[in-house]
Amino acid sequence: MPFLGINDIQTEGTFKHLNGEALGYSNWASNEPNNSEGIEDCVEVHSSGKWNDRSCEEKRLIICEY
Ligand SMILES: [Ca+2]
Ligand SMILES: [Ca+2]
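About the criteria used
- Residues numbered from 1 in each chain as written.
- Chains lettered and ligands numbered in written order.
- Predicted model: local features only at pLDDT ≥ 70, side-chain atom pairs only at ≥ 80, totals over all residues.
- Heavy atoms only, no water.
- Core = buried A, V, L, I, M, F, W, Y, C linked by side-chain atoms within 4.5 Å.
- Buried < 20%, exposed > 50% of the residue type's maximum accessible area, 1.4 Å probe, protein only.
- Helix = DSSP H or I, 4+ residues; strand = E, 2+ residues; numbered from the N terminus.
- Donors = N, O, S within 2.8 Å, 3.2 Å for Na, K, Ca; no water.
- Tetrahedral: all angles 85-135°; square planar, octahedral: opposite > 155°, others 65-115°.

The name that an unreviewed UniProt entry assigns to the protein is Pulmonary surfactant-associated protein D, with the source organism given as Chelonia mydas.

This is the structure in structure tokens:
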């Protein structure tokens, strides 16, 4: 699944776009973002369109505009 161009690296729990803009829209899956193991700062999109925060370590396609 692709990542979105948003993360909460700067302020844990506050997701922002890469350009620093606050999110105007969000579509979290239930119980997300859960910051699992304290290392989930990037956001992926499930095939359902719902978002999940996950580790940034995996480098994958990033959608910057959607
Ligand atoms: Ca996080
Ligand atoms: Ca998560």
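Okay, back to it.
Student: Please explain the nonpolar core as it appears in this structure.
Tutor: Note that soluble globular proteins tend to have their nonpolar side chains buried in a common cluster. Grouped together as the largest cluster of nonpolar side chains are 7 residues: Leu 4, Ile 6, Phe 15, Trp 28, Val 43, Val 45 and Trp 51. Of all elements in the fold, only β1 (3–7) and β3 (40–45) reach the threshold of two or more residues within this core.

Student: Before we go on, may I ask you to explain unusual backbone geometry in this structure?
Tutor: If a residue is not glycine, its phi is most likely negative; likewise, a peptide bond is most likely trans. The omega angle of the peptide bond from Glu 32 to Pro 33 is -5 degrees, so this bond is cis rather than trans. By secondary structure assignment, the location of Pro 33 is in the loop between β2 (16–17) and β3. The backbone of Asn 35 shows a phi angle near 50 degrees, a positive value even though the residue is not glycine. Here Glu 37, not a glycine, exhibits a phi torsion of approximately 60 degrees, which is positive. Residue position: Glu 37 is located in the loop between β2 and β3.

Student: Sorry, what's going on with the coordination of the calcium ion (ligand 2) here?
Tutor: In an ideal octahedron of six donors the angles at the metal are 90 or 180 degrees, and in an ideal tetrahedron of four donors they are 109.5 degrees. Taken together, Glu 32 (OE), Asn 34 (OD1), Glu 40 (OE), Asn 52 (OD1), Asp 53 (O) and Asp 53 (OD) make up the full set of protein donors to the calcium ion (ligand 2), lying 2.2 to 2.5 Å away. Its 6 donor atoms give the calcium ion (ligand 2) angles of 69 to 147 degrees at the centre, a pattern that matches the irregular case. Of note, the donors binding the calcium ion (ligand 2) are all from one chain and are spaced E-x1-N-x5-E-x11-N-D. Of this pair, Asn 34 sits in the loop between β2 and β3 while Asn 52 sits in strand β4 (residues 51–55), and the two are 18 residues apart along the sequence. According to the relative accessible area criterion, Asn 52 is buried, its value standing at 10%.

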